[in-house]
Amino acid sequence: MSYGDGMSSTRTARSEERRAAILRSAFEVIAERGYRGASLAAVAERVGLTQQGLLHHFPTKEALLVAVLADRDQWDAVPNSQWRLDLLGSLVEYNAMRPGIVQTFAALLGESVTEGHPARGFFTDRYADVRASMAEVLRAEYGERLPGGLTPERAAPLLVAVMDGLQYQWLLDPESVDMPGAFRDFLALLGEPAPPED
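Here the residue numbering is sequential within each chain, running from 1 through the sequence in written order. Thresholds applied to this predicted model are a pLDDT of at least 70 for local features of residues and 80 or more for the giving and counting of side-chain atom pairs; totals over whole chains, interfaces and linings are not thresholded and use all residues. Note that the side-chain values use all heavy atoms of the structure and ignore hydrogens as well as water.

## Quick notes on the pattern of salt bridges
Between side chains of opposite charge, pairing is possible as soon as their charged atoms come close. What counts is decided by this rule: Salt bridges are identified by distance alone: a Lys or Arg side-chain nitrogen within 4 Å of an Asp or Glu carboxyl oxygen. Partly exposed describes any residue whose relative accessible area lies between the buried limit of under 20% and the exposed limit of over 50%, with all areas from a 1.4 Å probe on protein chains only and scaled to the type maximum. Labels follow the DSSP assignment, with helices taken as runs of H or I lasting at least four residues and strands as runs of E lasting at least two, numbered in each case from the N terminus.
Applying the stated rule across the entire model yields eight salt bridges. For Arg120, the salt bridge is made with Glu115, and the minimal N-O distance between the two is 3.9 Å. For Arg120, a relative accessible area of 32% puts it in the partly exposed group. One salt bridge connects Arg139 with Glu136, and the closest N-O pair in it is separated by 2.8 Å. Note that Arg139 and Glu136 are positioned in helix α7 (residues 120–142) at a spacing of three residues, about one turn of the helix. Within the structure, one salt-bridge network assembled from shared partners comprises Glu136, Arg139, Glu144 and Glu153.

This is the structure we're talking about:
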């Protein structure tokens, strides 16, 4: 490796570290102020950059928001083929231990339903992917029909709605809503999984 290559990889590593610090700071600022109330100046100040320095990494506030959301999704990433209902229960329990992250996600999701919001496309695409993934989870667990007769595709939006709806209820009143327990109750309502194939 030449001297120049070493300088380039050091510069790249520093740039990636700076980018990660910006995303963490942006997440914190958005959690505190909401997307509309969060400014690039506030994020730059929190991370110790000028606004121009921040714009070097993320040219617009919208680009920063989408990067924050994509980065946040990586925290929970499990290859689609490895999701199972019991893992979903574990994810709900894990979310109950990190209210700040759940609150930020819920706030951004709520804001994104307004026309022209920069995260609307991200959440629309994300939910299409999540519904498809949940249909595969249900198919692996129950086969082509759940005990109540629904197909996995028809039940998947309901599963996603329960998970997200429980988060909102829990955020509003954590003392009254046992999010993991309520999710376990929902799974019990689904009924017994199909017997394994021989």
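And the narrative resumes.
## Section: the side chain of Arg126
So the rule is basically this: It only takes one pair of heavy atoms within 4.5 Å for two residues to be counted as in contact.
Structurally, Arg126 is set in helix α7. Under the relative-accessibility criterion, Arg126 is labelled buried at 17%. Leave out the neighbours within four places in its chain, and Arg126 touches Arg72, Asp73 and Phe105.

## Topic: the confidence of the model for the protein chain
Detailed reading of the predicted coordinates is not advisable wherever pLDDT is low. Here is the rule we go by: Confidence of the prediction at every residue is given by pLDDT, a number between 0 and 100.
Averaged over the protein chain, the pLDDT score is 86; the fraction of residues at 70 or greater is 88%. Per-element confidence in the protein chain is highest for helix α8 (residues 152–172), whose mean pLDDT is 96, and lowest for helix α1 (residues 3–37), whose mean pLDDT is 79.

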